[in-house]
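Structural characterization, general
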Amino acid sequence: MTTEPMSLTLPTDDSGPDWLEWVGRRGDDELARCRTLVDELKASPPTEAIDALRLWNDAQIAVSNAASVGSFFAEVHPDKTVRERAETVAQEVQKLDTDLGLDPELYAVLAALDPATLDAAANRLLERTLRDFRRSGVDRDEATRARLRELSEKGLLLSQDFSKNIRENVRSVHVRPEQLDGMPQDWIEAHPAGDDGLVTVTTDYPDVVPFRTFAKDAAARRELVTQFLTIGWPANDQVLQDIFAVRRETAALLGYASWADYDAEVKMIGKGTAIAEFIDRITDLSADSAARDKAVLLERLQQDRPDATDIDGADVAYYAELVRKEQLAVDAQRVRTYFPFESVRRGLLEVTGRLFGLDWTPVTDAPTWHPEVATYDVGFQGRRIGRIHLDLHPRDGKYKHAAQFDLVRGVRGVQLPEGVLVCNFNRGLMEHDEVVTLFHEFGHLVHHVIGGDQEWVRFSGVATEWDFVEAPSQMLEEWAWDADVLATFARNAEGEVIPAELVAAMRRADDFGKGYDARTQMFYAALSYDFHVNETDDLTARLRELMRRYSVFPYLEGTHMQCHFGHLDGYSSGYYTYMWSLVIAKDMFSAFDRANLFDPEIAGAYRDKVLAPGGRRDAADLVEDFLGRPYTFDAYAAWLAE
Ligand SMILES: [Zn+2]
């Protein structure tokens, strides 16, 4: 007999002390439960393999519950003491994870299980679990295990140094007030001249992004962009060399030919050399589109500078903006009048509800961490299958980007999936790119909930290979670009629906530069791959070489962009993943009828075959099951050529 699983009960009082107690208890209790279950598993392993796996699954559910609460509330709770308590929980989770991964006694118990008695899903769980253990080095001798732990600790410190050198090395240029010509008025007002009569412009995003896009003064733009691409230099050049050395040694100790092979083993792409092939393939596919749009930029530059023969990073953003404004006329001020926040939120729920056959029932009496959070129970075919929370506006101390977080990962008969969208949108009228971001992040949330009906927590929700994770969310962005879909909710104050011609113009403006953007992305992907595979004593020289090969824009003299390319640390050799997901997103989208994006049959097949299985099968198999054939690059290539 099973009882209906409940949603998480959060503290009713939104004041600090209750929450502090709750977050601490949830973290401590679940971690203690995990330790007890692991001790039991080691002390008296069940005789049946399936019972041992269930015990391991229970331990994993406990650690996952602690991890969700720790990482979510550390970023989002309005009370600082609660955020700090949650951070401690997250650190304890990480420590326990490392300890378990290097515990030979635990590994011996799981490695001794007889796979012959297990069904396919349990077999997959066992195989994946043992692989995780081997990848942390549990089966190596004691000296090697000690060295691996040392390398992992050293790697963590180096990562912290790398980000700190980027964060703290803010640079600036000083320009005369007339050099601000072209900048938005509110920006100019926020940047008065100092005692020397000069205005300081920093390399922080709120300065550098508008400045390189709008400032008419070419010399000032060049000076700032050059400083921007030199952040972290020279300190981070050595830090990077040390990070690469740690990763090379780790991969070698674990028996891999390169770090890229180690990292790619658990991704769809499978092996390191396939990354290089993928980069070259996208480079070829985007060549025509890149050349076409670059020619438009250069031609526009030559109107201002007739002797120009090429265009580089100091001018690209500025001329792309000019081309969009002069040749693809879209009035952003007009666009936003069609997207009042409340209508967009209602529209998003209606659109996704219709598409996936889901009901969203507002839960007005459920306690949350902030009054602006909206909570809904998710219904599917008359059953409650999970709960979502939308936390969509900025406030002090809250996570600054847009992301989906887990609160609870779904396990059949045990706990319902519960997820949160955390964004920082305008409360009044939204920009269209905010609407696109909302659909994107909602794609992750729907994946988390629909994929949350699993026996094994290891496969629950967004538990697919890392280079596939973005595909469902990138695909859902398409609905935010479709005139018929937008017509269901995008209305201005006069009640007029957004015109289809305006949506088409928005799309054209957005599409401009997609080819050369792909080439820039492939240059970054090549940096991330090459640096991890080929040892070199001059990173800047290698960067120049790769830029010549992959980017369509020339190197900017005197810059060392690798030193502030944060993803070299976070993504390591796998920066290609975003583009890889996009190729598959375009292919999956090709199965939909563009004239009727609500076709329930296609959307239902996608829900059941791609989202519902979570990580139970390889992503390539899920996609093949949905498309009726293996995925190809055709739809992506067609989109580039459009
Ligand atoms: Zn995403």
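These numbers were taken from a predicted model, which means no experiment stands behind them.

**Quick look at the overall build of the protein**
- Along its length, the protein carries 27 helices and 7 strands.
- Scaling as 2.2 N^0.38, a compact globule of 642 residues should have a C-alpha radius of gyration of about 26 Å, and the protein matches this with 26 Å.
- On the principal axes, the C-alpha backbone points of the protein span a range of 80 × 60 × 55 Å.
- Each of the 642 residues in the protein was classed as buried or not, and the buried ones make up 54%.
- Look at the contacts in the protein between residues 6 or more apart in sequence, and 73% of them connect residues 24 or more apart.
- Carbon and sulfur atoms provide 49% of the accessible area of the protein, an area that totals close to 28000 Å².
- For the protein, the distance from the average position of its 70 positive side-chain charges to the average position of its 110 negative side-chain charges is 1 Å.

**With respect to the environment of Pro394**
- Summarising the element assignment, Pro394 is placed in the loop between β5 (383-391) and β6 (403-408).
- Residue classification places Pro394 among the partly exposed residues on the basis of a relative accessible area of 33%.
- Residues within four places of Pro394 in sequence aside, it is in contact with Cys423, Asn424, Phe425 and Arg427.

**Here's the deal with helix α6 (residues 142-168)**
- Its 27 residues give α6 an end-to-end C-alpha distance of 39 Å, which sits within 8% of 39 Å, the value for a rise of 1.5 Å per residue.
- Within α6 the residues assigned to the buried category are Thr144, Arg145, Leu148, Leu151, Gly155, Leu158, Ser159, Phe162 and Asn165.
- Looking at the buried residues of α6, the elements they touch are α4 (104-111), α5 (120-136), α10 (235-253) and α23 (567-570).
- The distance from a side-chain oxygen at the start of α6 to the backbone nitrogen of Ala143 is 3.2 Å, and the residue carrying that oxygen is Asp141.

**Points about the nonpolar core**
- Counting 126 residues, the largest nonpolar core has Phe339, Phe442, Trp479, Met588 and Phe592 as the members making the most contacts within it.
- The biggest single contributor to this core is helix α17 (residues 432-450), with 9 residues.
- Apart from residues lying up to four places away in sequence, Trp479 is in contact with Val351, Leu355, Phe439, Val485, Phe589, Phe592 and Leu597.
- In terms of nonpolar packing, the next biggest core, distinct from the first, is built from 32 residues, Val89, Tyr107, Ala122 and Leu125 among them.

**Some thoughts on unusual backbone geometry**
- Along the chain, Trp233 connects to Pro234 via a cis peptide bond; the corresponding omega equals 0°.
- Among the secondary structure elements, Pro234 is positioned in the loop between α9 (218-228) and α10.
- Even without a glycine there, the phi angle at Gln381 is positive, about 50°.
- For Gln381, the position within the fold is in the loop between β4 (374-380) and β5.
- Gln381 gets classed as exposed once you look at its relative accessible area, which sits at 64%.
- A positive phi angle, near 45°, is found at Ser572, a position not held by glycine.
- Checked against the element boundaries, Ser572 lands in the loop between α23 and α24 (577-589).
- In this structure Ser572 comes out as buried when scored by relative accessible area, which is 5%.

**Observations regarding the packing of aromatic side chains**
- Applying the stated criterion across every chain, the model contains 39 aromatic pairs.
- Here Phe72 and Trp369 contribute two aromatic rings whose centre-to-centre distance is 5.1 Å and whose plane-to-plane angle is 75°, an arrangement assigned as edge-to-face. Pair noted here: Phe72 is in helix α2 (residues 49-76) and Trp369 is in the loop between β3 (358-362) and β4, with a separation of 297 residues, a long-range link. This pair shows no difference in class: Phe72 is buried, exactly as Trp369 is.
- Measuring from centroid to centroid gives 5.5 Å for Tyr571 and Tyr575, while their planes differ by 65°, and the two rings are edge-to-face.
- Accessibility expressed as a relative area gives 12% for Tyr575, which makes it buried.
- An aromatic cluster of three or more residues is present, and its members are Trp19, Trp22, Phe72, Phe73, Trp369, Tyr399 and Phe405.
- When the ring centre of Phe459 is taken as reference, the NZ or CZ atom of Arg124 above it lies at 5.5 Å.

**Some remarks on the coordination of the zinc ion**
- Looking at the metal site, the zinc ion is ligated by His440 (NE2), His444 (NE2) and Glu470 (OE), spaced 2.1 Å from it.
- Residue classification places His440 among the buried residues on the basis of a relative accessible area of 8%.

**Some details on the side chain of Ser528**
- Residue position: Ser528 is located in helix α21 (residues 514-533).
- Relative accessible area serves as the criterion here: at 0%, Ser528 is assigned to the buried category.
- Excluding anything up to four places from it in sequence, Ser528 contacts Leu568, Ser572, Ser573, Gly574 and Tyr575.

**Some points on the packing of α2 against helix α3 (residues 80-101)**
- It is at 7 Å that the axes of α2 and α3 come closest, and there the two elements cross at 140°. Every pair of crossing elements has a handedness; the one defined by α2 and α3 is left-handed. For the pair α2 and α3, the contacting residues are Val63, Ala66, Ala67, Val69, Gly70, Ser71, Phe73, Ala74 and Glu75 in the first and Arg83, Ala86, Glu87, Val89, Ala90, Val93 and Leu96 in the second.
- A class-by-class count of the residues in the contact of α2 with α3 yields 11 nonpolar, 2 polar and 3 charged.

**Overview of the pattern of salt bridges**
- A full pass over the atoms with the stated rule returns 45 salt bridges.
- The shortest N-O distance in the salt bridge between Arg147 and Glu249 comes to 2.6 Å. Linking Arg147 in helix α6 with Glu249 in helix α10, this pair joins segments that are 102 residues apart in sequence.
- For Arg147, a relative accessible area of 29% corresponds to the partly exposed category.
- A relative accessible area of 28% places Glu249 in the partly exposed class.

**Thoughts on the packing of helix α25 (residues 600-611) against helix α26 (residues 619-627)**
- The N-to-C vectors of α25 and α26 enclose an angle of 155°; their axes lie 9 Å apart at closest approach. Relative to α26, the element α25 is oriented roughly antiparallel. In this structure, α25 meets α26 at a crossing whose hand is right-handed. Listed contacts from α26 to Ile602, Ala605, Tyr606, Lys609 and Val610 of α25 are Leu622, Asp625 and Phe626.
- Within the contact of α25 with α26, the residues separate by chemical class into 6 nonpolar, no polar and 2 charged.

**Some details on the environment of Leu627**
- Along the chain, Leu627 turns up in helix α26.
- Taking relative accessible area as the criterion, Leu627 reaches 17% and is therefore assigned buried.
- The sequence separation of Leu627 and Ile602 amounts to 25 residues, and the corresponding C-alpha distance is 10.0 Å.
- Excluding anything up to four places from it in sequence, Leu627 contacts Asp587, Met588 and Ala591.

**Regarding the sheet that holds β4**
- Sheet architecture is open: 5 strands sit in the order β3-β4-β5-β7-β6, paired in mixed fashion. Each edge of the open sheet carries a strand with a single partner, namely β3 and β6. The mean inter-strand angle of the sheet, taken between neighbouring strand axes irrespective of direction, is 30°.
- Note that β4 and β5 share 7 bridges and pair antiparallel.

Calculation criteria
- Position numbers for residues start from 1 in each chain and track the written sequence from start to end.
- Thresholds applied to this predicted model are a pLDDT of at least 70 for local features of residues and 80 or more for the giving and counting of side-chain atom pairs; totals over whole chains, interfaces and linings are not thresholded and use all residues.
- By convention in this description, side-chain values take in all heavy atoms of the structure and omit both hydrogens and water.
- Secondary structure elements follow DSSP: runs of H or I of four or more residues count as helices, runs of E of two or more count as strands, with numbering from the N terminus.
- Here the globule rule reads 2.2 Å times residues to the power 0.38, and the radius of gyration is calculated from C-alpha atoms.
- The rule is simple: take the accessible area with a 1.4 Å probe, protein chains only, and divide by the maximum for that residue type; under 20% is buried, over 50% is exposed, in between is partly exposed.
- Between two residues, a contact is recorded if the distance between any of their heavy atoms is within 4.5 Å.
- Shrake-Rupley sampling with a 1.4 Å probe provides the accessible areas, and residues are treated as covered by the protein chains on show and by no other component.
- By the counting rule applied here, Lys and Arg register as positive and Asp and Glu as negative, while His and the ends of each chain are not counted.
- A charge is said to be at NZ when it belongs to Lys, at CZ for Arg, at CG for Asp and at CD for Glu.
- Every helix has an expected span of 1.5 Å times one less than the residues it contains.
- Here a polar contact is taken to be a pair of N or O atoms separated by no more than 3.5 Å, where protein atoms must pair a possible hydrogen donor with a possible acceptor and residues adjacent in sequence count only if both atoms sit in side chains.
- As used here, the term nonpolar core means buried Ala, Val, Leu, Ile, Met, Phe, Trp, Tyr and Cys residues forming a set that is joined through side-chain atoms within 4.5 Å.
- Working definition: rings of Phe, Tyr and Trp (its six-membered ring) pair if their centres are within 6.5 Å, and the pair is stacked with planes under 30 degrees apart, edge-to-face with planes over 60 apart, and tilted otherwise.
- A ring is considered to have a charge above it if a Lys NZ or an Arg CZ atom is located within 6 Å of its centre and within 35 degrees of its normal.
- Here the term donor refers to an N, O or S atom within 2.8 Å of the metal (or 3.2 Å for Na, K and Ca), and because water is left out of the atoms, sites may appear incomplete.
- Only C-alpha atoms enter the line fits that serve as axes; for helices the fit covers just the stretch in contact. Angles between N-to-C directions range over 0 to 180 degrees.
- With the far helix as reference, a near helix turned anticlockwise by less than a right angle produces a left-handed crossing, and one turned clockwise produces a right-handed crossing.
- Each residue is assigned to one class: nonpolar for Ala, Val, Leu, Ile, Met, Phe, Trp, Tyr, Cys and Pro, charged for Asp, Glu, Lys and Arg, and polar for all the others, Gly among them.
- When a carboxyl oxygen of Asp or Glu lies within 4 Å of a side-chain nitrogen of Lys or Arg, that pair is called a salt bridge.
- When an angle is under 35 degrees it counts as roughly parallel; over 145 it counts as roughly antiparallel; between 65 and 115 it counts as roughly perpendicular; any other value is oblique.
- Two strands pair under a simple rule: DSSP has to find at least two bridges between them.

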